[in-house]
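# Summary of structural features
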Amino acid sequence: MAPDRRTMIVEAATKSFSLFGYKATTMDQVARLANVGKGTIYTFFKNKEELFEEIISKLVKEMIAEADSVIEPGLPVAENVHRALSRLLAFRSQHQLMIKLIQEEKEMRTIAVSEMLQHVEDEIIAYLSKKMEAGIAKGAIPPGNTELISFLLLKMYIALVSDWERSHEPLSSEQIAEVMKVFLIRGQEK
C-alpha cells in the first residue's frame, strides 16, 4: 500500500514547526522531511499558511479530546471544568508544537502564530462555554455569560498555574479548584 503523502506532509510540517517555529519553517524543509517533492505539497495545500491551519485544527481536536477524557458525568460542573482546564493546560505545556509557538510569539511576535494561538484560545473558550451551558441547563450552576465566564476561567487558571508560581509556592489542584468555584462559579452548585 502506498504511503499517505498528505499525512506524511502534515507530520513533517508539524515536526518542522515544532523544531524551528513557524517563521523559520520553509516548504523546502517540509518536503525534505516528508521525503516528497515540493510540488507534491502544493497538490494538498495552497501555501504554508493553509498547512499551518490544518496542523492547528488537528491540535485543537487533540486538546479537546484530552479535556473530554477527564470529564466524569457524576461530578459537579466546577470539578469537571477544573479537570478539563488542568488537562488542557498540561497538554499545552507539554506539546512541543505549542511550546515552540508560544515561544515564537513571545520572542518574535509572528502575526500568523499570534493569530493561531488566539484561535486555539477561542476554541478552548468555546469548549468551556459549552460545558458551562450544559451546567446551566441542568441547574447545576447559575445562569451567566458563559463566554465571559469561560474566558475568565481560562485566564485565571493560567495565572494560578504559571504566574503565581513565580513568587509563591505552587497551589494544589484542590486549591485552584476552590478559587475557581468561589470566584467564578460562585459555589452555587446544586
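Look up a bit, the structure's there.
Report on the accompanying structure. (Residues numbered from 1 in each chain as written. Predicted model: local features only at pLDDT ≥ 70, side-chain atom pairs only at ≥ 80, totals over all residues. Heavy atoms only, no water.)

## Details of the overall build of the chain
Put simply, the rule is: Helix numbering and strand numbering both begin at the N terminus, where a helix is a DSSP run of H or I of at least 4 residues and a strand a DSSP run of E of at least 2. The buried label applies to any residue whose accessible area, calculated with a 1.4 Å probe on protein chains only, is under 20% of its type's maximum; exposed applies above 50%, and partly exposed to all values in between.
Of the regular secondary structure elements, the chain holds nine helices and zero strands. From first element to last, N terminus to C terminus, the chain shows the α and β order α-α-α-α-α-α-α-α-α. In terms of its C-alpha atoms, the chain occupies a principal-axis envelope of roughly 60 × 40 × 25 Å. Buried residues in the chain amount to 39% of all 190 residues.

## A closer look at unusual backbone geometry
The phi torsion at Asn35 lies on the positive side, around 60 degrees, for a residue other than glycine. Relative to the helices and strands, Asn35 resides in the loop between helix H2 (27-34) and helix H3 (38-44). We note that Arg109 has phi near 55 degrees; this positive angle belongs to a residue other than glycine. With respect to the helices, strands and loops of the structure, Arg109 is situated in the loop between helix H6 (96-108) and helix H7 (111-137). With a relative accessible area of 62%, Arg109 lands in the exposed category.

## Some words on the packing of aromatic side chains
Short version of the rule: Aromatic rings from Phe, Tyr and Trp, with only the six-membered ring used for Trp, were paired whenever their centres fell within 6.5 Å, and each pair was classed as stacked if the ring planes differed by under 30 degrees, edge-to-face if by over 60, and tilted otherwise.
On inspection of all chains with the given rule, the structure shows three aromatic pairs. A ring pair is formed by Tyr22 and Phe52, whose centres lie 4.5 Å apart and whose planes are at 40 degrees; its orientation type is tilted. Placement of the pair is Tyr22 in helix H1 (residues 5-24) and Phe52 in helix H4 (residues 48-68), with a sequence separation of 30 residues. Residues Tyr22 and Phe52 agree in their burial class; the two are buried. One aromatic cluster is present, built from ring pairs that chain together Phe17, Tyr22 and Phe52.

## Focus on the packing of H1 against H2
We count it as follows: Every axis corresponds to a line fitted to the C-alpha atoms, with the helix fit spanning only the stretch in contact, and the corresponding angles, defined between N-to-C directions, vary from 0 to 180 degrees. Roughly parallel here means an angle under 35 degrees, roughly antiparallel means over 145, roughly perpendicular means 65 to 115, and every remaining angle is called oblique. Here a crossing is taken to be left-handed if its near helix is turned anticlockwise relative to the far helix by less than a right angle, and right-handed if that turn runs clockwise. Should any heavy atoms of two residues lie within 4.5 Å, those residues are considered in contact. Throughout this entry, Asp, Glu, Lys and Arg are counted as charged residues, while Ala, Val, Leu, Ile, Met, Phe, Trp, Tyr, Cys and Pro are counted as nonpolar. The remaining residues, Gly among them, count as polar.
Between H1 and H2, the least distance of the axes is 8 Å, while the angle of their chain directions is 140 degrees. The angle between H1 and H2 places the two elements in the oblique class. H1 and H2 meet at a crossing whose hand is right-handed. Contact with H1, carried on its side by Met8, Ile9, Ala12, Ala13, Lys15, Ser16, Phe20 and Ala24, involves Gln29, Val30, Leu33 and Ala34 of H2 and no other residues of that element. For the contact of H1 with H2, the per-class residue count stands at nine nonpolar, two polar and one charged.

By themselves, these are just geometric observations and shouldn't be taken as functional.
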